Amino acid sequence: MSWLGKMFKKKKKGYNTDSQYKLLIIDDSKELIHEILGISEERADELMKACLKAYDDNDQLHSCLEDIISQCKHTNEVVMATLIMQKVIDRKKSLHGLMDALKDILGHG
């Protein structure tokens with residue numbers, strides 16, 4: 001009966017190690033990340049808006065990431081969107097922390 005255990009063993013999730021996911025540096029002389037990655041100012045703004053909307057529309061981080069990554073057209077955009085998303089999360093958390101502190105100070109908490 002030990003063979004049954006092997007039949008129902010769950011596969012672990014892993015990363016695809018395919019080389020198609022390489023970062024493409026477009027202009028290494030630039031100082032802004034979106035310019036280095038070859039993402040226009042307009043597209044960077046679109047990604048920012050999409051990240052903010054995804055954060056507001058989803059309750060779980062993985063759903064938020066799936067939402068925004070599905071809108072990306074290239075690996076460089078995935079990198080840019082991930083960096084933007086981290087900034088959005090950090091700012092929203094610090095804003096909530098500030099609001100909680102103000103409630104405590106003002107006695108509304």
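Rules used in this analysis
- Positions within a chain are numbered from 1, following the residues in the order the chain's sequence is written.
- A pLDDT threshold of at least 70 governs which residues receive local features in this predicted model, and a stricter bar of 80 or more applies before side-chain atom pairs are shown or counted, although totals over entire chains, interfaces and linings include all residues.
- To obtain the side-chain values, all non-hydrogen atoms of the structure were used and water was disregarded.
- Helix and strand definitions here come from DSSP, where helices need a minimum of 4 consecutive H or I residues and strands a minimum of 2 consecutive E residues; each element is numbered from the N-terminal end.
- Note on classification: 1.4 Å probe, protein chains only; a residue is buried when its accessible area is under 20% of the maximum for its type, exposed when over 50%, partly exposed between these limits.
- Within the patch definition used here, like charges are joined within 9 Å and nonpolar side chains (Val, Leu, Ile, Met, Phe, Trp, Tyr) within 5 Å, considering only residues with over 30% relative accessible area and no salt bridge.
- Each accessible area value is a Shrake-Rupley result obtained with a 1.4 Å probe; residue values ignore everything except the protein chains displayed when judging cover.
- Only one rule defines a salt bridge in this text: a Lys or Arg side-chain nitrogen within 4 Å of an Asp or Glu carboxyl oxygen.

Chemist: Would you explain the environment of Lys49 in this entry?
Modeler: When you line up the elements, Lys49 lands in helix α3 (residues 41–57). When its relative accessible area of 61% is taken as the criterion, Lys49 is described as exposed. Linking Lys49 and Ile84, residues 35 residues apart in sequence, is a C-alpha distance of 9.8 Å.

Chemist: I keep staring at a nonpolar patch on the surface and nothing clicks. Help me out?
Modeler: A cluster of nonpolar side chains, namely Leu95, Leu98, Met99, Leu102, Ile105 and Leu106, defines an oily patch on the protein surface of about 600 Å² accessible area. Along the chain, the position of Met99 falls in helix α5 (residues 75–106). The exposure class assigned to Met99 is partly exposed, which follows from its relative accessible area of 40%.

Chemist: Explain the pattern of salt bridges here, please?
Modeler: Oppositely charged side chains may form a pair once their charged atoms are brought near each other. Using the criterion set out here, one finds four salt bridges in the structure. Among the salt bridges present, the one from Arg43 reaches Glu77, with a minimum N-O distance of 2.8 Å. With Arg43 in helix α3 and Glu77 in helix α5, this pair connects stretches of sequence that are 34 residues apart. Taking the relative accessible area as the measure of exposure, Arg43 reaches 15% and is therefore buried. Here Lys92 ties to Asp56 by a salt bridge, and the two come within 3.5 Å at their closest N and O atoms. With Lys92 in helix α5 and Asp56 in helix α3, the pair connects residues that are 36 residues apart, well separated along the chain. Judged by its relative accessible area of 23%, Lys92 falls in the partly exposed class. Of the residues examined, Asp56 reaches a relative accessible area of 53% and is grouped as exposed. A cluster of three or more residues bridged by salt bridges with shared partners is formed by Arg43, Glu46 and Glu77.

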